[in-house]
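Topology and contacts: notes
Below are the chains, spelled out letter by letter.
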Amino acid sequence: MSGTTKSPWIMHYDASSCNGCDIEVLACLTPVYDVERFGVINTGDPKQADIFLITGAVNDQNKEVVKQLYDQMPEPKVVVAVGICACSGGIFRDCYNIIGGVDKIIPVDVYVPGCAARPEAIIDGVVKGLDVLEKKRLKLREKEGKK
Amino acid sequence: MGKRTIVPFGPQHPALPEPVHLDLELEDETVVRAIPSIGYVHRGLEKLAEKRDYNDMIYVMERVCGICSFGHGWGYAGAVEGLMSVQIPDRAECLRIMFHELSRVHSHLLWLGLLADGLGFDSLFMHCWRIRERVLDVFEAITGGRVVMSFCKVGGVRKDLTPEMLKMVKDTCDMIEDEMRKTGLVFMKDTSVRNRLCGTGVLSREDIIDLSAVGPVARGSGVNNDVRSANPMYRDLGFSPVLYDDGDCWSRCMVRVDEIMQSLDMIRNAVRDLPDGDVSVPVKGNAPVGDYVFRVEQPRGEGFYYVQGNGSKFLSRARVRTPTNINIPAMTRMLQGCNLQDVSMLVITIDPCISCTER
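To start, this report covers the structure provided alongside it. Just so it is clear, the structure is predicted and the values come from calculations on it, not from any experiment.

Reading the values: rules and limits
- Numbers given to residues run from 1 along each chain, matching the order in which its sequence is written.
- Lettering of chains starts at A and numbering of ligands starts at 1, both following the order in which they are written.
- Whole-chain, interface and lining totals are the exception, using all residues; otherwise, since this is a predicted model, local features are given only for residues with pLDDT of at least 70 and side-chain atom pairs are given and counted only at 80 or more.
- Just so you know, side-chain values use all the structure's heavy atoms and leave hydrogens and water out.
- The helix and strand labels rest on DSSP assignments: H or I over at least four residues marks a helix, E over at least two residues marks a strand, and numbering proceeds from the N terminus.
- For the radius of gyration, the atoms used are the C-alpha atoms, and the globule rule reads 2.2 Å times the number of residues raised to 0.38.
- In this scheme, a residue with accessible area under 20% of its type's maximum is buried, one over 50% is exposed, and one in between is partly exposed, where area comes from a 1.4 Å probe on protein chains only.
- Two residues form a contact once any of their heavy atoms are found within 4.5 Å.
- For the charge count, each Lys or Arg is scored as positive and each Asp or Glu as negative, with His and the chain ends excluded.
- One atom stands in for each charge, and that atom is NZ of Lys, CZ of Arg, CG of Asp or CD of Glu.
- Two parts placed together each lose some accessible area under a 1.4 Å probe, and the buried area is that loss summed for both.
- Should a side-chain nitrogen of Lys or Arg be within 4 Å of a carboxyl oxygen of Asp or Glu, the pair is scored as a salt bridge.
- Pairing between two strands requires that DSSP report at least two bridges joining them.
- Only the stretch in contact is used when a helix axis is fitted, and all axes are lines through C-alpha atoms; the angle between N-to-C directions ranges over 0 to 180 degrees.
- For Phe, Tyr and Trp, where Trp contributes only its six-membered ring, two rings pair if their centres lie within 6.5 Å, and the inter-plane angle classes them as stacked under 30 degrees, edge-to-face over 60, or tilted in between.
- The rule is short: NZ of Lys or CZ of Arg within 6 Å of the ring centre and within 35 degrees of the ring normal puts a charge over the ring.
- Here roughly perpendicular refers to angles of 65 to 115 degrees, roughly parallel to angles under 35, roughly antiparallel to angles over 145, and oblique to all remaining angles.
- In this scheme, a crossing is called left-handed if the near helix is turned counterclockwise away from the far one by less than a right angle; it is called right-handed if the turn is clockwise.
- Charged means Asp, Glu, Lys or Arg here, nonpolar means Ala, Val, Leu, Ile, Met, Phe, Trp, Tyr, Cys or Pro, and polar covers whatever is left, Gly included.
- One less than the number of residues in a helix, times 1.5 Å, gives the span that helix is expected to have.
- To form a nonpolar core, buried Ala, Val, Leu, Ile, Met, Phe, Trp, Tyr and Cys residues must be joined to one another through side-chain atoms within 4.5 Å.

A word on the overall build of chain A. Helix and strand counts for chain A come out as five helices and seven strands. Secondary structure elements of chain A, listed N to C terminal, follow the sequence α-β-α-β-β-β-α-β-α-β-β-α. What you see for chain A is a C-alpha radius of gyration of 15 Å, in line with the 15 Å of a compact globule of 147 residues. Here the C-alpha coordinates of chain A stretch approximately 50 × 40 × 20 Å along the principal axes. The buried share among the 147 residues of chain A stands at 56%. At a minimum sequence separation of 6, the contacts of chain A that also span at least 24 residues come to 81%. Computed over 18 positive and 20 negative side-chain charges, the separation of the two mean positions in chain A equals 7 Å.

What follows is the structure, given as structure tokens:
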């Protein structure tokens, strides 16, 4: 299990963002930033993912999808909210179809602000998420040990 | 006749960067019908025009979409300037064209990368995105933002470019052209790419006219509906529409490759012929009663901007009709009769921008 700290698999989902943060998440994969050298892989399968990268403020139709994806991920899992919309709703917070930050739907561990969040900031957020992941894993082990 | 099954595609799918849902009705492995359902990214930006005054609204309009953000800013600013009867300086217009063409280069490179990813050609994806980063470097050096720049404002542009910046733009164009000569050849000549793209997803000229598709999708089938032809400054910079006649995925791909090269030429011409003068005029006061329509050729096709003033600082309507919105019927027509394996690639060839579509 300790292997995942070295190479976290990421699932990315766009919950009604403007695309700006999404292309920056994809830009992390390019040769310029190249997160794959850290063993980070962008997977489409929630059952293989350790980190849930979520961009954009959540709307009513997206709410169920976000919840479902989060529930399908195995424990321990970390949620990273990328971009100011995912943190608090940002410029869209007054829109009629916006619920607010992602933390109104699922618990968020790391917040990455910015409009759009830079690739450096996103990588930084993922690295912060790894600490949280490790802590969660230790907690999970203690719980299992007590049983 | 085989058994009919329905396969749900999306909203979360490895091949899709954005959420869109398709119900694919299959007969064996052939798609008989595709029913799209959208609404996963709807935010309701147009309503914000009632809460932000027309000068501030441009920040919201730029965030209709993060990829074509400059074009949306320009479209909205152009519409408001028309409503207020403001004439912007030539230098501002030229700088806007320069920035819009730079965004076209980065958007098309992004799309070529996604197409290569859809084909399973990962190294090509990396190369396209590596070249794209050069454009973002220019944006960052000039405006400070990589994707959302806030460079356009109602009445012109926010700042003037120094000679060093102009030189950087020109050098970047040369560098991208150099790289594109090699990378474009792969899309043009490589057998594995051509096998997959040639002859798939054919849309005839009649289909395009029936479904009123726009942008590279229409131009790949030989229909010229490029809004840029109507702009006299574009003609001076050496613009001529790029047309291919086959109507398949390969034609749409080649339209984009050629447009990149043409845009690079136009940017260099704009750097050379940049008129002197101011870069903005002040726009103050209330918006008059009335409405105005402005069109911009986005990387994906024609963008349509409509504003309605009511005599106050707030507009009563700011409407955007985006290219993907119109191209969705063309996409469903394209999907009829295709193989299940080609679905993700065909969806990519219209360059879907769901964020634009739903606003």
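The structure having been displayed, the exposition proceeds.
Looking now at the environment of Cys253 of chain B. All names here are of chain B. Summarising the element assignment, Cys253 is placed in helix α10 (residues 249–272). A C-alpha to C-alpha distance of 24 Å links Cys253 and Arg33, two positions 220 residues apart in sequence. Every residue in contact with Cys253, bar those within four places of it in the chain, is listed here: Trp111, Leu112, Leu115, Phe187 and Leu197.

With that settled, consider the interface of chain A and chain B. Each partner contributes to the interface: chain A provides 36 residues, whereas chain B provides 39 residues. The junction of chain A with chain B conceals about 3,300 Å² of combined surface from both sides, 61% of it contributed by carbon and sulfur atoms. At the junction of chain A with chain B, the criterion picks out three salt bridges. Across the pair Glu140 of chain B and Arg118 of chain A runs a salt bridge, and its minimum N-O distance is 2.3 Å.

Further remarks concern the sheet that holds strand β1 (residues 4–9) of chain B. Sheet strands line up and pair through hydrogen bonds in the backbone, either parallel or antiparallel. Residues and elements named next belong to chain B. Ordered in space as β1-β2-β3, the three strands form an open sheet in which the pairing is antiparallel. Edge positions in the sheet fall to β1 and β3 (30–37), since each of these pairs with one other strand and no more. Averaged over all adjacent pairs, the angle separating strand axes in this sheet is 20°, with direction ignored. Where β1 meets strand β2 (residues 21–27), six bridges bridge the pair, whose relative direction is antiparallel. Each bridged residue has a counterpart across the sheet, and for Ile6 the counterpart in β2 is Glu25. Helix α11 (residues 323–335) rests against β2 and β3 of the sheet, and its axis sits at about 160° to β3.

Residue and element names in this part refer to chain B. Taken in spatial order, the three strands of this open sheet run β6-β7-β8, and their pairing is antiparallel. Every other strand in the sheet has two partners, leaving β6 (290–298) and β8 (315–321) as the edge strands with one partner each. For this sheet the average axis-to-axis angle between neighbouring strands, irrespective of direction, equals 15°. Relative to β8, strand β7 (residues 301–309) is paired through six bridges, and the arrangement is antiparallel. Pairing of Gly309 across the sheet is with Leu315, part of β8. Against the sheet, helix α2 (residues 69–83) touches β6, β7 and β8, its axis set at about 150° to β6.

The next point concerns the pattern of salt bridges. Residues and elements named next belong to chain B. Summed over the entire model, instances satisfying the criterion amount to 35 salt bridges over all chains. Ionic pairing is found between Arg181 and Glu177, a salt bridge with its closest N-O pair at 2.6 Å. Placement of the pair is Arg181 and Glu177 together in helix α5 (residues 163–189), with a separation of four residues, close to one helical turn. Classification of Glu177 by relative accessible area gives buried; the value is 14%.

Turning our attention to the packing of aromatic side chains. In this structure the tally under the stated criterion is seven aromatic pairs over all chains. When the ring of Tyr244 of chain B is compared with that of Trp250 of chain B, the centres are 6.3 Å apart and the planes differ by 90°; the resulting orientation is edge-to-face. You can call Tyr244 of chain B partly exposed: its relative accessible area is 21%. Owing to a relative accessible area of 11%, Trp250 of chain B belongs among the buried residues under this scheme. Among the aromatic residues, ring-to-ring pairing joins Phe70, Phe99, Phe139 and Phe151 of chain B into one connected group. When the ring centre of Phe92 of chain A is taken as origin, the NZ or CZ atom of Arg43 of chain B, which lies over that ring, is 4.6 Å away.

What follows deals with the packing of helix α3 (residues 90–119) of chain B against helix α4 (residues 122–143) of chain B. Residue and element names in this part refer to chain B. Packing of α3 against α4 brings their axes to within 8 Å, and their N-to-C directions diverge by 160°. On the basis of the axis angle, α3 is roughly antiparallel to α4. The two elements α3 and α4 cross, and the hand of that crossing is left-handed. Looking at the contact of α3 with α4, its residues break down into 18 nonpolar, four polar and three charged.

Attention now goes to α10 of chain B. Between its first and last C-alpha atoms α10 of chain B spans 35 Å; for 24 residues at 1.5 Å apiece the expected length is 34 Å, and the two agree. Across the 24 residues that make up α10 of chain B, a large majority, 21, are buried.

With 170 residues, the main nonpolar core has Phe52 of chain A together with Tyr76, Met98 and Leu315 of chain B as its most contacted residues. Not counting chain neighbours up to four residues away, the residues in contact with Tyr76 of chain B comprise Tyr54, Met57, Ile58, Met61, Val154, Tyr305, Val307, Leu315 and Ala318 of chain B.

All right, on to the pairing of strand β3 (residues 51–55) of chain A then. Residues and elements named next belong to chain A. The buried fraction of β3 is high, at five of five residues. Covered by surrounding structure in β3 are Ile51, Leu53 and Thr55 together with Phe52 and Ile54, the residues of both alternating faces. For strand β1 (residues 9–14) and β3, the ladder comprises five bridges, and the chain directions are parallel. The partner of His12 across the bridge, within β3, is Leu53. Sheet topology places β3 next to strand β5 (residues 78–82); five bridges connect them, and they run parallel. Each residue of the ladder has a partner; that of Thr55, found in β5, is Val82.

Our next topic: the packing of α3 of chain B against α10 of chain B. All names here are of chain B. With their axes 9 Å apart at the nearest point, α3 and α10 run at an angle of 155° to one another. Of the possible angle classes, the one that applies to α3 and α10 is roughly antiparallel. Here the hand of the crossing between α3 and α10 comes out left-handed. Every residue of α10 that contacts α3 at Cys94, Met98, Glu101, Leu102, Arg104, Val105, His108, Leu109, Trp111, Leu112 and Leu115 is listed here: Cys253, Arg256, Val257, Glu259, Ile260, Ser263, Leu264, Met266, Ile267, Ala270 and Val271.

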